[in-house]
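# Observations on the model geometry
Each chain is listed here by its residues.
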Amino acid sequence: MAEGGGANWDFALERLFLQRIISGYALLTVSGRCEKVVGVLSKEFESQGPLPASAKQVFDPFVEASGHPTSFLLCGHKVVVFLQSSRSYYGVSHRRRLGIGICRVPFGVIVVSFGRQPLPQIIVSEVETICNMMWS
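Structural notes, computed from the coordinates. A quick note: this is a predicted structure, and the numbers were derived from the prediction, not measured.

## Describing the nonpolar core
- Counting 23 residues, the largest nonpolar core has W9, L13, I22 and I110 as the members making the most contacts within it.
- At the level of elements, α1 (8-18), β1 (24-29), β5 (88-93), β6 (99-105), β7 (108-114) and α3 (120-135) are the ones that each hand at least two residues to this core.
- Broken down by element, this core gets its largest block of residues, 6 residues, from α3.
- In this structure, V37, L41, F45 and V109 belong to the second largest nonpolar core, which totals 19 residues.

Next comes the structure, spelled out in structure tokens:
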């Protein structure tokens, strides 16, 4: 299933989760399923299940010409985007209670969640490295 970086993406994200750098992650496939979910994102997505309606907003910026959103709702929080690229966008909720990173990968998107620590810049660097590995 995991093209590009093989199972390395899962190992790398699991490492970040176990080190408490991220609070959760999910792989959402283009076929409309949640392939894997770990941590706080399990409240939003169900592993091996169909995607909820909220997942549409995760994919839309990558297929619509309108570009990335300035904010979105996920896990009951309004998340304001602070960084975006052609393959990803990152945002934080009020008082940084929840941070979300969304990266397009060859077979879908990876969603990561993070808290107040470490700083978002560290999260972005780690997650971008993992997502870029999947394209090689």
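The rest of the description comes next.
## Here we look at the packing of aromatic side chains
- All told, the structure shown has 2 aromatic pairs when counted by the stated rule.
- Seen from their ring centres, W9 and F107 are 6.5 Å apart, and the 50 degrees between their planes marks the pair as tilted. Of this pair, W9 sits in helix α1 while F107 sits in the loop between β6 and β7, and the two are 98 residues apart along the sequence. In terms of burial, W9 and F107 fall into one category: buried.
- The ring of W135 has R87 sitting right over it, with the charged end atom 4.1 Å from the ring centre.

Conventions we followed
Residues numbered from 1 in each chain as written. Predicted model: local features only at pLDDT ≥ 70, side-chain atom pairs only at ≥ 80, totals over all residues. Heavy atoms only, no water. Core = buried A, V, L, I, M, F, W, Y, C linked by side-chain atoms within 4.5 Å. Buried < 20%, exposed > 50% of the residue type's maximum accessible area, 1.4 Å probe, protein only. Helix = DSSP H or I, 4+ residues; strand = E, 2+ residues; numbered from the N terminus. Phe/Tyr/Trp six-rings, centres within 6.5 Å; stacked < 30°, edge-to-face > 60°. Lys NZ or Arg CZ within 6 Å of the ring centre and 35° of its normal.

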